[in-house]
Amino acid sequence: QVQLVESGGGLVQPGGSLRLSCAASTNRFRFGSMGWYRQAPGKERDLVASITDGGNRNYADSVKGRFTLSSDNAKNTVYLQMNSLKPEDTAVYYCNAKELFRPSEYWGQGTQVTVSS
């Protein structure tokens, strides 16, 4: 069973930074993509950023220029560096991984990010 273990959420003031980590329990290249989604109260879960096995990155328009997705292939881990955080970034952030060769995906347990003064 694939596990995605997240860390790095917390409370930060507007304009601050946080870094989220997602460690997979298996080789990252088993996945066609890995990334982060977020869900605010009363809203749908939306894509924040993703990276393909080929290294192509995709960002939501609302986070472009502020968030950066990176990966450490040796550690099967992806990171989401979040800068210039805004109150509207407040949400539960979920790590996601999609299998490369079959229609399966996996989710982390979620980590709370709260941006408030």
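Summarised in this report is the structure supplied together with it. The structure presented is a predicted model; accordingly, all values stated were derived computationally and were not measured. (Residues numbered from 1 in each chain as written. Predicted model: local features only at pLDDT ≥ 70, side-chain atom pairs only at ≥ 80, totals over all residues. Heavy atoms only, no water.)

1. Some details on the state of the cysteines
All told, the structure shown has 1 disulfide when counted by the stated rule. Bridging Cys 22 to Cys 95, the disulfide has an S-S length of 1.9 Å. A torsion of -80° about the S-S bond marks the disulfide between Cys 22 and Cys 95 as left-handed. In this pair, Cys 22 is assigned in strand S3 (residues 18–24) and Cys 95 in strand S9 (residues 91–99), connecting sequence segments 73 residues apart. Residue class for Cys 95 comes out buried when judged on its relative accessible area of 0%. (Disulfide = S-S within 2.5 Å. Helix = DSSP H or I, 4+ residues; strand = E, 2+ residues; numbered from the N terminus. Buried < 20%, exposed > 50% of the residue type's maximum accessible area, 1.4 Å probe, protein only.)

2. Topic: the packing of aromatic side chains
Overall, the coordinates contain 3 aromatic pairs when judged by the stated rule. Each ring, one from Tyr 94 and one from Trp 107, has its centre 6.4 Å from the other, and the planes form 90°; the classification is edge-to-face. Pair noted here: Tyr 94 is in strand S9 and Trp 107 is in strand S10 (residues 105–107), with a separation of 13 residues, a long-range link. Among the aromatic side chains, those forming a connected cluster through ring pairs are Tyr 37, Tyr 94 and Trp 107. Against the face of Phe 29 rests Arg 28, its NZ or CZ located 4.8 Å from the ring centre. The ring of Trp 107 carries Arg 45 above its face, with NZ or CZ at 4.6 Å from the centroid. (Phe/Tyr/Trp six-rings, centres within 6.5 Å; stacked < 30°, edge-to-face > 60°. Lys NZ or Arg CZ within 6 Å of the ring centre and 35° of its normal.)

3. Points about the environment of Arg 57
Looking at the element boundaries, Arg 57 is found in strand S6 (residues 57–59). Considered as a pair, Arg 57 and Gly 9 are 48 residues apart in the sequence and their alpha carbons are 22 Å apart. If near-sequence neighbours (up to four positions away) are discounted, Arg 57 is found in contact with Ser 50, Ile 51, Leu 69 and Ser 70. A polar contact is formed between the side chain of Arg 57 and the backbone oxygen of Gly 55, at a distance of 3.3 Å. (Contact = heavy atoms within 4.5 Å. Polar contact = N/O pair within 3.5 Å; in protein donor to acceptor, adjacent residues only side chain to side chain.)

4. So, the sheet that holds strand S8 (residues 77–82)
The strand order across the open sheet formed by 4 strands is S1-S3-S8-S7, and the pairing between neighbours is antiparallel. In this open sheet, the two strands that pair with only one neighbour each are strand S1 (4–7) and strand S7 (67–72). Each neighbouring strand pair of the sheet contributes to a mean axis angle of 15°, computed without reference to strand direction. Here 6 bridges tie S7 to S8, and the two strands are oriented antiparallel to one another. Within the sheet, the bridge partner assigned to Phe 67 lies in S8 and is Met 82. (Pairing = 2+ DSSP bridges. Axes fitted to C-alpha atoms, helices over the stretch in contact; angles between N-to-C directions.)

5. Focus: the pairing of strand S11 (residues 111–115)
Alternating positions in S11 separate cleanly, Thr 111, Val 113 and Val 115 being buried on one face and Gln 112 and Thr 114 remaining unburied on the opposite face. Here strand S2 (residues 10–12) runs beside S11; their pairing, made up of 3 bridges, is parallel. In the strand pairing of S11, Leu 11 is matched with Thr 114. The pairing of S9 with S11 spans 3 bridges and is antiparallel. Pairing of Val 92 across the sheet is with Gln 112, part of S11.

6. Quick look at the nonpolar core
Counting 29 residues, the largest nonpolar core has Leu 4, Met 34, Trp 36, Leu 80, Met 82 and Tyr 93 as its most contacted members. Those elements that place two or more of their residues in this core are S3, strand S4 (31–39), strand S5 (46–52), S7, S8, S9 and S11. Not counting residues up to four positions away in its chain, the partners in contact with Tyr 93 are Glu 6, Leu 20, Trp 36, Tyr 37, Arg 38, Val 48, Phe 67, Leu 80, Met 82, Gly 110, Thr 111 and Val 113. (Core = buried A, V, L, I, M, F, W, Y, C linked by side-chain atoms within 4.5 Å.)

Interpretation in functional terms is not warranted from these geometric data alone.
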